[in-house]
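Close look at the chain arrangement
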Amino acid sequence: MYLCDHNQDKFIDMKIMTIDGGPRKTMNTAAMIEKFSEGVKSVDKAIEVKHVRLYDIDYKGCYSCLACKVRGKASHECKIKDGLLPVIQEVNQSDGLVLASPVFFGRWTGQMQTFIERFTYPWLSYEDFSITPQRKMPLALILTMNGMPSDAEAVHNNMNTEENLLLAKLGDIERIDACNTLQVKNYDRYEMDAMNPEGRKKYNAEHWEEELQQAFDAGKRMAEKIKANAEKGNSAIPRCIAG
């Protein structure tokens with residue numbers, strides 16, 4: 001339900017969706033999302049931040065059914081009825097979007113790739129090759145990776161088509177990278193000596209809090225953007241303005 005509080009002059013129906021492409025509920029990606037959400041709430045506690053874990057959903061990639069491109073019935077939204085469809089529909093009615101994922105083999109996870117495939121393919125027209133999202137909104141991309149900051153650009157280049165051709169159509173992308181992260185809490189348990197556990201722990205002690213702060217600050221900036229949009233009447237959902 002979306003309401004407005006006439007006593008406090010606050011919008012309380014703005015929503016940001018955070019899509020978590022990571023398999024772990026309590027490690028690096030989850031921590032970055034939590035800090036981002038705290039940043040949002042520091043601006044306005046009334047902004048809803050809904051967290052969706054892709055690993056908890058039963059879904060598959062594009063079926064190439066072309067239901068989104070039927071002549072006279074073309075849609076900018078996927079039509080496959082599975083666990084992901086309600087998520088896509090909710091994203092398309094939100095005011096901001098966060099995509100967060102660990103980096104596996106130089107890219108975001110397969111779950112995130114599949115989400116992006118289903119989310120963006122309906123935007124592409126085979127009439128004129130234009131790309132039109134259901135609606136525009138601020139987008140933050142959070143990646144947690146084993147690589148150093150000098151490796152981050154190569155990771156983003158690996159996803160250039162999705163980032164710069166498709167997702168950029170939503171609006172400006174803010175990228176927040178957490179680098180050289182700790183993969184496990186106890187390195188003695190695993191055969192991971194080549195990962196330089198001691199050096200990684202030292203780097204983490206020096207940089208992790210700074211990276212969390214970057215996520216927090218990005219959350220603040222997105223909240224400020226969507227509040228400004230709401231005040232201009234550009235939010236996803238019709239709202240009631242107190243006063």
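In short, a report on the structure. (Residues numbered from 1 in each chain as written. Predicted model: local features only at pLDDT ≥ 70, side-chain atom pairs only at ≥ 80, totals over all residues. Heavy atoms only, no water.)

Remarks on helix α1 (residues 28-43)
Which entries qualify depends on this criterion: In this description a helix means any DSSP run of H or I spanning at least four residues, a strand means any run of E spanning at least two, and both kinds are numbered starting from the N terminus. Here, expected helix span is obtained from the residue count minus one, scaled by 1.5 Å. Burial classes: relative accessible area under 20% of the type maximum marks a residue as buried, over 50% as exposed, and values in between as partly exposed (1.4 Å probe, protein chains only). The contact criterion used is simple: two residues touch if any of their non-hydrogen atoms lie within 4.5 Å.
Under the 1.5 Å per step criterion, the end-to-end length of α1 is 24 Å for 16 residues, consistent within 8% with the ideal 22 Å. Taken together, the buried positions of α1 are occupied by N28, T29, A30, M32, I33, F36, S37, G39 and V40. On its buried face, α1 is in contact with β3 (15-20), β4 (48-53), β5 (96-104), β7 (139-144), β8 (173-178) and α6 (197-231).

Remarks on the pairing of β7
The condition is simple: Two strands are counted as paired when DSSP detects at least two bridges linking them.
When you tally the buried positions in β7, you get six out of six residues, the bulk of the element. Here β5 pairs with β7 via six bridges, running parallel. Its bridge partner lying in β7, L99 is registered against L141. Looking at chain direction, β7 and β8 are connected through six bridges and run parallel. Bridge pairing in β8 places I142 opposite I176.

So, the nonpolar core
Note the cut-off: To form a nonpolar core, buried Ala, Val, Leu, Ile, Met, Phe, Trp, Tyr and Cys residues must be joined to one another through side-chain atoms within 4.5 Å.
Residues I19, L97, L99 and F115 are the most contacted members of the largest nonpolar core, which totals 36 residues. At four residues, the largest contribution of residues to this core is made by helix α3 (residues 110-120). Those residues in contact with L97 that sit more than four places away from it in its chain are I16, M17, I19, V91, F119, M137, P138, L139, A140, L170 and M222.

Overview of the pattern of salt bridges
Should the charged atoms of two oppositely charged side chains come close, the side chains can pair. Rule in force here: Salt bridges are defined by distance alone: a side-chain nitrogen of Lys or Arg within 4 Å of a carboxyl oxygen of Asp or Glu.
One pass over the structure, following the stated rule, counts 12 salt bridges. The shortest N-O distance in the salt bridge between K15 and E90 comes to 2.5 Å. Here E90 lies in helix α2 (residues 85-91) and K15 lies in strand β3, a separation of 75 residues in the sequence. The class of K15 is buried, set by a relative accessible area of 4%. With a closest N to O distance of 3.0 Å, R118 and D82 form a salt bridge. Taken together, the residues span a long stretch of sequence, with R118 in helix α3 and D82 in the loop between β4 and α2 at a distance of 36 residues. Here R118 and D82 have matching classes, each one buried. One network of salt bridges, in which partners are shared, links K15, K50 and E90.

Looking at unusual backbone geometry
Positive phi values are uncommon outside glycine, yet F105 reaches one of about 50 degrees. Tracing the backbone shows F105 in the loop between β5 and β6 (107-108). Judged by relative accessible area, F105 falls into the exposed class, the value being 88%. Phi at N180 is positive, roughly 50 degrees, even though this residue is not glycine. Checked against the element boundaries, N180 lands in the loop between β8 and α6.

What about empty space enclosed by the protein?
Empty pockets left among the atoms are what a rolling probe the size of a water molecule brings to light. The line we're drawing: Method remark: on a 1 Å grid restricted to protein atoms, a set of points is classed as a cavity if a 1.4 Å probe fits but cannot get out and as a pocket if it is open with protein on both sides within 12 Å along at least five of seven lines; lining residues have an atom within 4 Å of a point. Grid points are joined across faces, edges and corners, and a volume is the space filled by probe spheres set on the points. Note on residue categories: nonpolar means Ala, Val, Leu, Ile, Met, Phe, Trp, Tyr, Cys or Pro, charged means Asp, Glu, Lys or Arg, and polar means any other residue, Gly included.
Overall, the coordinates contain two cavities of 30 Å³ or more when judged by the stated rule. In this structure, the largest cavity spans a volume of roughly 90 Å³. Forming the walls of the largest cavity are C62, C65, L66, A67, C68, C78, K79, I80, E117, R118, Y121 and P122. Among the elements that line the lining of the second largest cavity, the one with the most residues is α6, at four residues. Along the lines of polarity and charge, the residues of the lining of the second largest cavity split into four nonpolar, no polar and three charged.

Some points on the packing of aromatic side chains
Formally: Aromatic pairs are defined between Phe, Tyr and Trp rings, using the six-membered ring for Trp, whenever the two ring centres lie within 6.5 Å; interplanar angles under 30 degrees are classed as stacked, those over 60 as edge-to-face, and all others as tilted.
On inspection of all chains with the given rule, the structure shows four aromatic pairs. For the pair F115 and F119, a centre-to-centre distance of 5.3 Å together with 20 degrees between the ring planes defines the contact as stacked. Note that F115 and F119 are positioned in helix α3 at a spacing of four residues, about one turn of the helix. On the basis of relative accessibility, which here comes to 1%, the residue F119 falls in the buried class.

A few points about the environment of A228
Turning to its location among the elements, A228 is positioned in helix α6. By relative accessible area, which is 30% here, A228 ends up partly exposed. When the C-alpha positions of A228 and M195 are compared, they lie 44 Å apart, and in sequence the two are 33 residues distant.

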